Each structure stands twice: as structure tokens, then as C-alpha cells.
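Tertiary structure, described
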Amino acid sequence: MHPLNKRAKQALKDPVLMRTLPEATRRAVDKQRDRWRELPDVDALRDRAQEIKHHTVRHLDHYLTTFEAAAKANGVHVHWASTHEEAIGIIRAVLDRNDVRVVAKVKSMATEEMALRERLEATGREVWETDLGEFIVQISGRPPSHITAPAIHEDVASISRLFHEKLGTPQTDDPERLARFARDHLRDRFHQADCGISGANFLVAETGRVVLVENEANIRLATTLPRVHVVVAGIEKVVPRTSDIPVFLKLLARSATGQKLTAYTHELRGPRRKDETEGPDEMHVVLLDAGRTRILADEAARDTLDCIRCGACQNVCPVYQAVGGHAYGGVYGGPIGAILRPQLEPDRDTRRLPYASTLCGACESACPVKIPIPDILLHLRSRAVASASDERLPRPGWIAEKATVQAWYRSAMSPRVWRVGGKLARLFGPARPGRGSFHRLPPPLSGWTKHREFPRPAPETFHAMWDGRKKKKSAAHPIGRDEDGT
Amino acid sequence: MADDSRQVRLFATCLADQFDPEAAMAAADVLEAAGCTVAFDAEQTCCGQPAFNLGHRDEARQVALRHIRLYDGTTGPIIVPSGSCGSMMKVYWPTLFAAGSDERAAAERVAKRVEEWSRFLVRDLGWLPERDAEAPERRVAYHPACHGLRVLGLDGEAERLLAATGHRLVPLPRADNCCGFGGGFSVEMPEMSGKILEDKLDCVEGATASGAGTVAALDIGCLMHMRGGHERRTGTTEGHGGCPAYRHVAVLVRDALRARGERSDVAPGPRESAAGEP
């Protein structure tokens, strides 16, 4: 069984997940729909957002160097990392130089990609996730399963149990009390922290500023209290102007959390100036490639880079709704993960991810920047087929798939073979009243009969029925024929 | 609309050909009832979507090209009783060929003529049967299958056809959710597909509890998937023991039109006498 199917099977056996997921995703979908409706013309706004992204992604070199120059002028250290390892090296060097023992970390997908927390913990530092959801995930030891709701796979009872075990807090079914426990635990860490590490929602090229949105004020604390602030941002996060930001802000919170706007929107210029009372002594921005320029080079998949990490495609996806994020086996789950991961981390396993979709298109409809996810899934599937064809040792199932497609191809290319195929299929017994469907079939249809009956072929094909109909009609209207239709 | 728009060609689809020819036949019957003459090109097989969706583009391209050549020599709308095959032909066929190539131009010419069955009737022809007030009430839940809904942008055509032919539409909870079929997905990722299907069947049972005896859709594939799942769940065959009947919209519309015809053959309906009153 493919690891993807195995993980899906595991997910289906997780009672907490099966309870929380449908409700949480449905609620998120409903809220997004309501918030979108409040906008005078959400479609035009999505087009505008997409347009900005398309323009920026196609002039990435320009906007990144513009950002770099402007950020440097603000006193920010700008670093370029072509791989995750390079980024980790850069960040470690900054932490070493500043003698950082405790890090207050803010949730960020770029840092998730490189398992930054775990990597820094391995160097003997304390690293604390300061978003509630991410904090839950950290102490649970399980990975996050959603882009904006990382602990969506937990419920109040499981979180209460977890806090009780790990933090020694009393059990409670009151979510607000649970949040207070986490806050109390984290408050001291903010004061101890020598460094805050965050991602970025947007990098503004013209000003060199970093825009971050949040609800819990932990970003506020993590980026102002510690001496050092490090931003890790994928290179696709840059936008040209400050005036572009409202376009995205109108869409981001509405699509991610169903809010009009997040509670806080930060625009960070750089280290604290002499006349200022707040802010770090030192600020760094690490610009991360780690596969993104590879995506940029592929015209058919380039729109993947438009993603603003809202998680709406996950909420609305029937596959995600069914099995959750862990089943995808990596940092990004859901439709965006199914197109992003095969490109960021191409290997045999991730190549299979684009197949974890019904191509229903709900993701594209929910995407605030209209990424054509189904088309990219299809493109990546064709790339997977090309890679599989080149492999000396094919994956299990590949030979059978190839043979099935070839059999289909031969019959679809020739009406004669098609007819013969139809006749052969009827040797297994066409449908007849009282004759049941197929209950169990051998591969490749065994996957179907796991959960459904497979229909018997109709007694006659449409081709045959049409012939019969034509004959009947000419009999009914015997123009130029004898009465008996001969 | 020009008169030759009623000289249509039916693309029956491979699934209808093999598993549900009655659906394609009903689609032809309704087209005729709407005043069309229907031609069927016996050379047709499959639109190529099974291979395309699995990523086998070379094979899909050849099969598509075969049909594009078949149709490029003909005229008139090409009507497809499936939102999914309709999407493949109308939207994806051209993308299989290099921009500027002859094949691309031919694909675009043909794609322009492709229309999904319900949309052609209701939007292009502006045809709806006169509302049948006398028909016995039949409660139907409608599943708006994904490709028709999101790729072709179908918007209420099937519902209008059903309502006009005396069907009462029972709301299907979360109707827009996929049934989990996805072609090869249903076979290759049975755990995910099976779970999505279970959720869909739960929703269907919400509709059957409100009296819907039939589930309608415009795609044989989705119907096969839901029917097969429901038969497995109930341990019976469709239309029996808690398992609703799963029918293509065309079959329901055609059967209702026939029943109406038979009723008016026997005795003039009260509608006609009412129409005679001042």
C-alpha cells in the first residue's frame, strides 16, 4: 500500500480527528463564504490580487533587489539562502554571534519547511512556539496539520489532557482557560527570549518593510521584546508597493480565519532607532529560495508561487476534509500541498501527491488569488508519468497502470477494438434484473470494490441501441423503403 | 439562433456507452423533443479524460485528436450528456496541443461547438418544457457534479429542467461537495475516496429522509459511484431498501415527458381545458 493510502487509513482511525475535522472545516468554509459576500466585488478583488502576484512573480529579480536595497537602508541585514540548509546556517550564525539561548518563535510555513525549531533545539537552545495552535502542536510532539489552524486535529478534551500531562495544569473543558494556561506559560518565555524568529506575510519592495498579520499579539511581543529579530521569508512573499497590501489584507483574513481583518497588522521597518522605545537592536531578513526558482522556471506550474498561505483550499477540499493534513505526510497538506511539495521536495513519494485529489475544483473556487490548482495538479501528474517512465525500477502499481492505459488507448483509438472490448466485457454477464453488481473485482478495480459495488455492463452498448433505433425509425417512416422495412 | 443549431451531434461518452446507454438515449430523445435532429457518429469512443486525468497525456492527446478530426469535418453543436466529458472536450482538448499548431486550431474549432446537454437546451436553445402541473409529484435530490459546476459553470439548468417536468427538488445538504469519484482516484486512493463517498451518502440520506426517492445528476461517473456506494451500504439494489434510484437528469426529463404524452393521449388534461377559458 502506498504511504499516502496508509496514512489516510490511519487518519480514518483517529476518533478525535474524525470528530473535529468535519465541523472545523465546514465552519471555516461557511465563514469564508460569508466574509467574501460582504465585499462589493470579491471577484474583481481576487483578480486584482492575482494580477499583482503574477506581475511580481514575473519580475521577482527586480522586486527582490529593490526590497534588499530598501531594507538595508532601514538598517536591516538581508541574507539570501538558496537552500534550507543555507538558511539554517545563516540563522545559527546570527544566534551564535548574539549568544542567543532562548528563542520566541512565531508560526511560519517557511520555518516549518526546514524544521527550524527542531534544528535549533538540537543546538541546545530553547525554542518556543508562541502561537496557541503551534504551541499545542509543539508540546504534543505531532506535526501541524493545517496552514493557519495547525492544531485542527486536536479538540478541547485532547488539549486539556495534553496540557495536564506536559504543563501540569488542571483538566478543563473551557477553551479560554486553556488559552490562559498557554499564555501564562509563554509569558515568561517572551521575557527570557534573546531572539524572536518570524515569517513574513508580505515584503514590500518599495519600503523594505515586513508586513505580518496575527490575532494573538504574540508576533507583537516576539518581534519587539527580544534583542534580535530574524525574519524568514520565501522569495515569493515580496510585493511591489505598500498600496498593494490592502488588496491582500482584504482577502487574507477573510479566507483564512473568516475575519474581516486580523486583530493586528504589523508593518516592521527595522531595528529600533535611537528615539524609539520599542523594537530589537538587530533585525535580519533571510530570503529563502529552497526550490522556489525551480517553480518559477516551470510556466505551467508558476502560479503555485501566488499562494498567500491562507489555508482556504484545505478547508474546502473534500480530501482534506476526509483525512486531514497529516495524511499528506509533510508540512503542506491539502490541495496547495499537493502542488507545492512535489515541486519543493521532488521525490518518489511527493510525486504521488497530485493524485490525492478528485479534481473537483473547490480549491480554485476558494482561492483568494485564483491559483488554478486543478490544472497544476494535472500538469504535475503528467510530469509524474514522465518520471515514472524514465525509472529503471518503477513504483508498485506502475506496470498495471501503464497496461490499463495502453488497453484503454488501443480500444479508444479504434472503433473496431472498442466494439470487441464491449463484447468481451459482456462475457462476464451484462446487467439483468435480479443479477447483482460485482461485489469484488481483481486489480485494477479492487480499489473500487473496496467501498462500492461495480456495475455490470448494460445489456447493449449505446452504439448498438442507436443502430436499433435508426432501424426502428426508418421502419416507422419508410421513406423509399418497403412497408416491412427491408 | 440559426436553424442549423438544432442539427446536433451527440457525443454519448464511454461510460454511457458501456454502463448506461439509456441515459445517452434519453438525452437524444429530449433533444428531439426540443426540436433538434440528432446525429450520432458511430466512430466515437472516449474523450480521453481517463488517461488525461492520470497524467498520460500522449495517449490522451492521440485519442482527443482522433475525435477532433472526426468532428472537424462536420457542422453543428456537439452535445455531451456529461459535465465532466464536456469539460474535457470544451476546455482541456485545446490545451493538449501546442499554441499555433494546426491541431490546436482544429481543437479550438471543435471545442467551441461542444456543449453540455442541459446547458445547450436551457441556455443556448432557451428551451424548457411547459411546466407540468398535473404530473404526480416526484421528489428528487440533485447533485451538481463538480466539473459541470466549476469548469463549465452550469448554473441551475438541470434544476429548471427537472422542475418543469414535475419534479420537486428536495434540498441535498452540502450539495456542492464532491462525491469522491475523481476517475482513477476512486480506484487508486480508495480510503480517501471511500470516506468522501460516505459523507456524500450521509447527505443523500438527509434528502431521502425528506422524501427524495431519486438522486439526479448530469454525470454517469458520479452516479455510478454514488449508486455503487449506496448499494454497498444498504446491501441492496438501487430503488430498494433505503437505497434511492440514481438517474441521469435526461432520463427523468424524458420519462416525465413521455408520461405526460401518454396522459394527454388518453384524455385532454385539465390544463388544456383551463387554457380554453377566458
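Everything numeric in this text was worked out from a predicted model, so none of it was measured.

A closer look at the nonpolar core
Phe202 of chain A together with Trp93 and Met192 of chain B are the most contacted members of the largest nonpolar core, which has 107 residues in total. Element by element, the count of residues in this core is highest for helix H18 (residues 373–390) of chain A, at eight residues. With residues near it in sequence (within four places) discarded, Trp93 of chain B still touches Cys47, Ala64, His67, Ile68, Met88, Ala107 and Val110 of chain B. Trp466 of chain A together with Val38, Val122 and Leu201 of chain B belong to the second largest nonpolar core, which has 66 residues in total.

Some words on the pattern of salt bridges
Under the defined criterion, the tally for this structure stands at 62 salt bridges over all chains. As a salt-bridge pair, Glu345 of chain A and Arg341 of chain A come within 3.0 Å of each other at their nearest N and O atoms. The partner of Arg351 of chain A in a salt bridge is Glu391 of chain A, with the nearest N and O atoms 3.3 Å apart. Of this pair, Arg351 of chain A sits in the loop between helix H16 (334–344) and helix H17 (362–366) while Glu391 of chain A is found in the loop between H18 and helix H19 (398–413), placing the two residues 40 residues apart along the sequence. On the basis of relative accessible area, Arg351 of chain A is assigned to the partly exposed category, the value being 23%. Take Glu391 of chain A: its relative accessible area is 23%, and that puts it in the partly exposed class. A single salt-bridge network, built from bridges that share partners, covers Arg469 and Lys473 of chain A together with Glu22, Asp29, Glu32, Arg254, Asp255 and Arg258 of chain B.

Concerning the interface of chain B and chain A
Buried accessible area, meaning the area lost when the parts come together, often serves as the stated size of an interface. Taken together, the contact pairs 64 residues of chain B with 67 residues of chain A. Both faces combined, the contact of chain B with chain A buries some 5,900 Å², and carbon together with sulfur accounts for 63% of it. On inspection of chain B and its partner chain A, the count reaches seven salt bridges. Of the charged contacts in the structure, one is a salt bridge between Lys450 of chain A and Glu191 of chain B, with a shortest N-O distance of 3.3 Å. At the boundary of chain B and chain A, one finds 36 residue pairs in polar contact (both at pLDDT 80 or more). Element by element, the count of residues in the side of chain B that touches chain A is highest for helix H11 (residues 190–209) of chain B, at eight residues.

Observations regarding a positive patch on the surface
A contiguous patch of positive charge, built from Arg177, Arg180, Arg183 and Arg187 of chain A, is present on the exposed surface. Topologically, Arg183 of chain A is positioned in helix H10 (residues 175–192).

Some words on the confidence of the model for chain B
Overall, the predicted model of chain B reaches an average pLDDT of 93, with 94% of residues at or above 70. The low-confidence segment residues 268–278 of chain B (pLDDT under 50) makes five contacts with residues lying over four places distant or belonging to another chain.

Remarks on helix H7 (residues 117–124) of chain B
Most of H7 of chain B is tucked away, with six of its eight residues classed as buried. Residues of H7 of chain B that are buried: Trp117, Ser118, Arg119, Phe120, Leu121 and Val122 of chain B.

Conventions adopted
- Residues numbered from 1 in each chain as written.
- Chains lettered and ligands numbered in written order.
- Predicted model: local features only at pLDDT ≥ 70, side-chain atom pairs only at ≥ 80, totals over all residues.
- Heavy atoms only, no water.
- Core = buried A, V, L, I, M, F, W, Y, C linked by side-chain atoms within 4.5 Å.
- Buried < 20%, exposed > 50% of the residue type's maximum accessible area, 1.4 Å probe, protein only.
- Helix = DSSP H or I, 4+ residues; strand = E, 2+ residues; numbered from the N terminus.
- Contact = heavy atoms within 4.5 Å.
- Salt bridge = Lys/Arg side-chain N within 4 Å of Asp/Glu carboxyl O.
- Buried area = accessible area lost by both parts, 1.4 Å probe.
- Polar contact = N/O pair within 3.5 Å; in protein donor to acceptor, adjacent residues only side chain to side chain.
- Patch = residues over 30% accessible without salt bridge, like charges linked within 9 Å, V, L, I, M, F, W, Y side chains within 5 Å.
- Areas by Shrake-Rupley, 256 points an atom, 1.4 Å probe, with all protein chains shown as cover.
- Lys, Arg positive; Asp, Glu negative; His and termini not counted.
- Charge placed at Lys NZ, Arg CZ, Asp CG, Glu CD.
- pLDDT = per-residue confidence, 0-100.

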